[in-house]
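Structural features, examined
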Amino acid sequence: MARRGAPVDVVGVGRTFALGGGEVEALRGLDMHVPAGGFTALIGPSGCGKSTALRLVAGLDAPDEGTIDMDGASPDQMRRGQRIGVAFQDPSLLPWRTVSTNIRLALELVGRRHDTKAVSDLIELVGLQGFEKARPAQLSGGMRQRVAIARSLVTEPDLLLLDEPFGALDALTRQQLNDELQRIWTARGTTTILVTHSIPEAVYVADEVLVMSPRPGRVVAHHGIDFERPRTRELLLTDRFHAEVEAVSASLHRSEGQVVQLDTDPS
Amino acid sequence: MSDTAQATAKAPVRSGASGLDRVPPRVLSAAVGIAVLALWELLARTVYAGSYRLSPPTLVVVDFFEYRDLYLRNLWHSTKTAAWGFLWGNLAAIALAGVASIIPVLRRSIGAVALTIFCLPFIAVAPILRLITGPGNGTPITLSALAVFFTTYVAALLGFDTAPGSALDVVRSFGRGRLAAFRRVRLRASVPAMIAGLQIAAPAAFLGAVVGEFTGARSGLGILTVRALGALHTERIWVIALMSTIVATGGYMVIGALGRWLCPWAPALDVGAVPAARQEPGLLNRLAALLAPIIVVFVFWYAFLWVFQIKPFFAKTPLDVWAELFTNADAAETRSSVFGALGTTMWTTSLGYVAGLIGAVVTAVVFVLIPWLERALMPIAVALRSIPIIVTTPVIILFVGRGLLTTTAIVAVMSFFPTLVNCYAAMNRTPEGILDVLRSYDAGSAAHVRNAYLPTAVPALLASARIAVPTSLLGATVAEWLATGDGIGAVMVIAFTRNDYNVLWVSVAVLTLVAVIGYWLVAALELRTLERMAPGTSR
Amino acid sequence: MAPNQFSRRRFIGRTAAGAGLILGGGRVLTACGDDEAAAPTTTAAPATTAAPTTTAAPTTTAAPALTEANFQLSWFDSVQFGGSYIAHQRGYYERFGLDVSLVPGGPGVSPDAAVAADQALVGISAANFTGQSVADGAPFKIVGVAMQKNPFVIASLSDNPINEPKDLEGTKLGMAFNNQLDLELLSELNGVDISKIEVITSDYDPAPLVNGEVDSLLCWLTDLPVAMTVQGIDNTTMLFADFGYAVHSQTLICTEDSLANKRDQVIGLLKGDILGWQEYRTDTDAAAQLTVDLFPDAGFDLEAQKLQASEQLKIMFSADTDEHGFLWFTDESVQDNIRTLAALGVDVTADLWDRSLLEEIYADGPVLS
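All of these numbers come straight from a predicted model, not from anything done at the bench.

Rules and cut-offs
Residues numbered from 1 in each chain as written. Chains lettered and ligands numbered in written order. Predicted model: local features only at pLDDT ≥ 70, side-chain atom pairs only at ≥ 80, totals over all residues. Helix = DSSP H or I, 4+ residues; strand = E, 2+ residues; numbered from the N terminus. Buried ≥ 20, exposed ≤ 12 C-beta atoms within 10 Å, placed from the backbone. Contact = placed C-beta atoms within 7 Å. Rg over C-alpha atoms; globule rule 2.2 N^0.38 Å. Axes fitted to C-alpha atoms, helices over the stretch in contact; angles between N-to-C directions. Parallel < 35°, antiparallel > 145°, perpendicular 65-115°, else oblique. Nonpolar A, V, L, I, M, F, W, Y, C, P; charged D, E, K, R; others polar. Pairing = 2+ DSSP bridges. Domains from an automatic or database assignment. pLDDT = per-residue confidence, 0-100. Right-handed = clockwise from strand over helix to strand, strands pointing away. Left-handed = near helix turned anticlockwise from the far one by under 90°.

This next bit is on the overall build of chain B. A tally of regular secondary structure across chain B gives 22 helices and zero strands. By the burial criterion, 55% of the 539 residues in chain B qualify as buried. Sequence-distant contacts in chain B: of pairs separated by 6 or more residues, those separated by 24 or more amount to 81%.

When helices and strands are tallied, chain A shows eight helices and nine strands. Compactness check: chain A gives a C-alpha radius of gyration of 18 Å against a globular reference of 18 Å for 267 residues, within 12% of the reference. A principal-axis box enclosing the C-alpha atoms of chain A has dimensions of 55 × 45 × 35 Å. Looking at chain A residue by residue over its 267 residues, the buried ones come to 48%. The contacts in chain A between residues at least 6 apart in sequence include a share of 73% that link residues at least 24 apart.

Here we take up the packing of helix α4 (residues 68-102) of chain B against helix α11 (residues 221-230) of chain B. All names here are of chain B. Running from N to C, α4 and α11 cross one another at 135°; their axes reach a closest spacing of 8 Å. Compared by their axis directions, α4 and α11 come out oblique. Contacts from N74, L75 and S78 in α4 reach L221, G222 and L224 in α11. Classifying every residue of the contact of α4 with α11 by side-chain character gives three nonpolar, three polar and no charged.

A few words now on the sheet that holds strand β2 (residues 22-34) of chain A. The strands that make up a sheet pair up through hydrogen bonds in the backbone, lying either parallel or antiparallel. All names here are of chain A. Pairing is antiparallel across the open sheet formed by three strands, whose spatial order is β2-β1-β4. Of all strands in the sheet, those bounded by a partner on one side alone are β2 and β4 (65-69). Neighbour to neighbour, the strand axes of the sheet diverge by 25° on average, direction disregarded. With nine bridges joining them, strand β1 (residues 8-19) and β2 adopt antiparallel strand pairing.

Here we take up the sheet that holds strand β8 (residues 216-220) of chain C. Residue and element names in this part refer to chain C. Taken together, five strands build an open sheet; the order of strands is β7-β6-β8-β5-β9 and the sheet is mixed. At either margin of the open sheet sits one strand with a lone partner, and together these are β7 (198-201) and β9 (235-239). The sheet shows a mean angle of 30° between the axes of neighbouring strands, taken without regard to direction. Sheet analysis places strand β5 (residues 152-157) next to β8, joined by five bridges and oriented antiparallel. Following the sheet pairing, I154 is matched in β8 by L218.

Residues and elements named next belong to chain B. One can read the domain layout of chain B as domain 1 (55-269) and domain 2 (324-539). Contact with domain 1, which involves 27 residues of that partner, is made by 27 residues of domain 2. Only α5 (107-119), α6 (122-133), α10 (191-213), α11 and α12 (234-262) provide two or more residues apiece to the side of domain 1 that touches domain 2. Sort the elements by how many residues they give to the side of domain 1 that touches domain 2 and α12 lands first, with eight residues.

This part is about the interface of chain B and chain C. Tallying the contact residues gives 57 residues for chain B and 63 residues for chain C. Contributions of two or more residues to the side of chain B that touches chain C are made by α4, α6, α7 (138-161), α11, α20 (445-484) and α21 (487-497) of chain B. The element that contributes the greatest number of residues to the side of chain B that touches chain C is α4(B), accounting for eight residues. Of the residues contributing to the side of chain B that touches chain C, the split by class is 28 nonpolar, 19 polar and ten charged.

To continue, consider unusual backbone geometry. A cis amide bond, omega -10°, links A:R215 with the succeeding residue A:P216. Relative to the elements of secondary structure, A:P216 occurs in the loop between β8 (208-212) and β9 (219-224). Across the junction of A:R229 and A:P230, the peptide omega takes the value -5°, indicating a cis bond. Looking at the element boundaries, A:P230 is found in the loop between β9 and α8 (239-256). In the Ramachandran plot, C:D118 falls in the positive-phi region, its phi being about 65° despite a non-glycine side chain. Here C:D118 lies in the loop between α8 (111-116) and β3 (122-126). Taking the number of C-beta atoms within 10 Å as the measure of exposure, C:D118 has 17 and is therefore partly exposed. Although it is not a glycine, C:L327 adopts a positive phi angle of roughly 85°. Considering the arrangement of structural elements, one finds C:L327 in the loop between α18 (319-324) and α19 (331-343).

The subject of this paragraph is the environment of B:D63. In this fold, B:D63 is placed in helix α3 (residues 57-66). As a C-alpha pair, B:D63 and B:I396 span 333 residues in sequence and 22 Å in three-dimensional space.

Relative to the elements of secondary structure, B:T46 occurs in the loop between α2 (25-45) and α3. Residue classification places B:T46 among the exposed residues on the basis of 9 C-beta atoms within 10 Å.

Quick look at the confidence of the model for chain B now. Residues and elements named next belong to chain B. Summarising the model, chain B shows a mean pLDDT of 83, and 89% of its residues fall at 70 or more. Segment residues 1-17: pLDDT under 50, and 27 contacts once partners within four positions in sequence are set aside and those in other chains are kept. Here the prediction assigns the complex a pTM of 0.80, and the interface score ipTM is 0.81.

What follows deals with the pairing of strand β7 (residues 191-196) of chain A. Within a regular beta strand, the side chains point alternately toward one face of the sheet and then the other, so they alternate between its two faces. Residues and elements named next belong to chain A. Across the six residues that make up β7, a large majority, six, are buried. Residues T191, I193 and V195 of β7 are buried on one face, and the alternating residues T192, L194 and T196, pointing to the opposite face, are buried as well. For strand β3 (residues 39-43) and β7, the ladder comprises five bridges, and the chain directions are parallel. The partner of T40 across the bridge, within β7, is I193. With five bridges joining them, strand β6 (residues 159-163) and β7 adopt parallel strand pairing. Bridging from a neighbouring strand, L162 pairs with L194 of β7. Traced from β6 through helix α6 (residues 171-188) to β7, the parallel crossover comes out right-handed.

Once that is clear, we can look at the domain arrangement of chain A. All names here are of chain A. Each assigned domain of chain A is listed here: domain 1 (1-83 + 159-174 + 186-259) and domain 2 (91-156). Its C-alpha centre places domain 1 at a distance of 25 Å from the equivalent point of domain 2. Contact with domain 1, which involves eight residues of that partner, is made by nine residues of domain 2. Its residues placed into classes, the side of domain 1 that touches domain 2 shows five nonpolar, two polar and one charged.

Let's shift gears to the packing of α20(B) against α21(B). All names here are of chain B. The N-to-C vectors of α20 and α21 enclose an angle of 60°; their axes lie 7 Å apart at closest approach. Relative to α21, α20 is oriented oblique. Between α20 and α21 lies a crossing whose hand is right-handed. Of α21, the residues touching α20 (which contributes A476, T477, V478, E480 and W481) are G487, I488, G489, A490, M492 and V493. Broken down by class, the residue content of the contact of α20 with α21 amounts to seven nonpolar, three polar and one charged.

This part takes up the environment of B:N499. Examined against the element boundaries, B:N499 turns out to sit in the loop between α21 and α22 (501-533). A count of 25 C-beta atoms within 10 Å places B:N499 in the buried class. Linking B:N499 and B:F313, residues 186 residues apart in sequence, is a C-alpha distance of 9.1 Å. Contacts of B:N499, omitting those with residues within four sequence positions, involve C:S110, C:D112, C:A113, C:F129, C:Q132, C:S133, C:D136 and C:A138.

The subject of this paragraph is the confidence of the model for chain A. Per-residue confidence for chain A averages 86 on the pLDDT scale, and 94% of its residues sit at or above 70. Low pLDDT, under 50, characterises residues 259-267 of chain A; the predicted model gives this stretch seven contacts beyond four residues in sequence or across chains.

In this section: the pairing of β1(A). Residues and elements named next belong to chain A. Remark: two residues form the turn of the hairpin made by β1 and β2, two consecutive strands paired antiparallel; G20 in that turn has positive phi of roughly 60°. Where β1 lies against β4, four bridges are found, and the strand directions are antiparallel. Directly across from G14, in β4, lies its bridge partner E65.

Dropping the structure here:
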């Protein structure tokens, strides 16, 4: 399978927000490496800074300390180079645009407005044929997320950042979209970081699952997931899948006790 | 997701933000305020020295303190009048909105009467009211009440409608009816919307009171203005303008603070941005929707004349108006004078209306792109939108002189400020997610404006544009009366001074009809646009 | 109860009930009550507000049953109505059995309408307005003329004066838009080519003249020119009345119904008023002082009121009034008015005027005592 995209190196990143009168330290000493074409899932307790980490990688925010490097470029450079695709829990579609023009928005923004083939390919890839002219309000939640993912992919980014894109969906739709996400990633081979709450989801789609500690967030455990691809739903029923889920779950559980102690060597 | 919310709320949103973005808003506003005052002082002492037009702020302050008792007495008088009008107008509006909420069948008819009242030209209604209420404070209070009625009615009804359906279902599940649902759920749920309506009502009540004073009061800022103009008391005009601004803005802000205190959970909302009510489908429904309000308005018209037993010399029925326009001997003459003047008014008003709306959108875009500018100027804009037109008019005349342009400028000002405030608020509510998507592709300002800010502001723009139709015509007639002597405003004043009540009623009827039609045209455009832009999202 | 009694006095008959319907009765009346306190009505004034000129007159009047009557003034309060204020203050109206309320006017008040609607027994209007109303079917009569000469002037700055109508040609004139017909008439009467006058709308405001935006203003002798003089701006005035424009101004009107059924009251009001104006004429400064004292909320400039008070003597009193009495109008002036009004497009006959009341009042000579 064709591996493309940029590797991501996050070293010693910290980020503190002013909030009200005080400060909130969201991240401290975050280290993370995602190889080119890799698929990494980021998991952690609520409020641990996962989304902050993703926004830093996307160049939507800047760290107070530490560095983020992608193949020699900074996130801001990557963003300015229009090499990033993002999708959030809220699909953030423009309600006044149709499915196809919402997907085309990304192309317009990178100056490839006339690439109609890319749009129709993506619509096919995410299985929305026949809904090209529909508007977001006429779609189900799962369909809207497909549009958001199609939009994030249509520019063929070097880095795909997904922030709980399926968080608001029911279990069945969610599984379906996980299958498609895997298929798409397999077909495209884009470096992907997925922030999620769901351990089975992380284990099912990613090459590696990183477990974060509560605030200030940092990575406290790495779990390499080496199930063969394409992974199918049968995998969900296997003992080794459950064992992997249990292991991540245990790490996550342990991490929640690590608010105070600072374990500098999580591996 | 809570961490994301925190992050987006406080993170530096734009890279390359100006250093001015870090200056506290108060400091910026103060700096801009001082700069404006300094420029004003300079202009007044140089270019406009001896013009009896622009007074230097220092002299305005001196004058205020010299005649403090006089000013405060008159201010108190106008404020008191406005307060009574505010009270009665809002009580009536909320009560009728309650009736419309409990008995939905009446909704369209009550709404039609409310809209008609909103569209009545004040300057012609004032003398007619004077004939009913007689001398004294009756006319100013009534005008003030009429001025607040519609916006509060709309806001209250919106408030009653926003009651959560599940809570209503709970009431119903206990076997209780609409009345109980109204009392226990709708009334409570309506508070935030009602507060928003009352905020707008505060300056409107003040305007009504001041116009009402022209029907022969002994005290008040409206009269004091006219006296000051005639006596070359330039400082006095400016003192009055500033006091009116402070009181009207103060009322607006106090009610806003009250709202935040009463319902801290509720989002800030502006009744100017409330979408138009939707039409039921079906030919019969549409026909009923069209006819019922017309019939109700005519019934109301006759009832008004009957209840107050107005003498036929003044009181003109719809039939009289029809006769004056089409069957009387001088019908052709009436038509040509009224419609000719109406044409002038509509032309100057449309120009100002469109200019005001476009200006507001452009300014809102500039504000959203240059945050420090917004922080410096928006408080001023919020204040300016509350200034009574009667008081602004002399100031506008000062800068643009007297002529067709004056009307256009006054109308533009009337439509500019509310639209700016609403559109900016809407743009500011652009979902962060959409902005993040745009930023993640490093989209430029133009792309932000095109893909996010402008489309997001469209509903607010259309809602403001709809409300601005009657207010623009009101502004135009006031300007025509005070400054230009053209158009239907002048026709009405001449008709009134010559006791030509036929022409007066014809003018009132025609102008009100134009305002109502304009309102509905914009409302229809609004519904179509919302439906097309985002099907299923309009109410 | 008190507010309701008050209301019956203040508002006339059924209209009060009507206003109550809209506004919720008592509250409004309270508000009106406050307004009343500042107004010179005898119901409240003489006992409590001890104005400098109060005399013992009211207390000596034995008759307890005063009839209430409203007198609708033509404009906001000012010394323009100084004689009526004196009459009020001194209890002259009460001498004739009337409790008169002086009701101020304004841009939104038509005195003709107030009289026609029975809100005032007598109103102050002008012959052209009243003529128009009568032509439209309102049953009015002019029973007295307060201004013998029409107060319209062309005011200009003294270093660029307009001394006669011809001077208007080639200049800019600021005026209220509803004076168009008056200007046309003045031009026609004096052979002025109106197309050579550039008219700019301007009202209530001398600033355009002072600024040089216009060369002259069409206004009243007693308003804007006085304001300019007080501000130290030399100005020149040209009275319309001196150039053939004969329109009775400040005409006292009442309905034919009142003439038939309340003749005594109308006569009483006129008599009281005449006494006030006779006194006004002897001391205009006192009238100005009274006006300033009566209406503290108006923010009057005493000097301006004094000047206005003395200026208006020029147009209110004449050889005719000296011979026949204040408010008099001659048959000749009526004929002049009919001609002028016809030229203004208002067709009236001498029936518009009714001098019988004045003839009765002045049966014993031109000075009332």
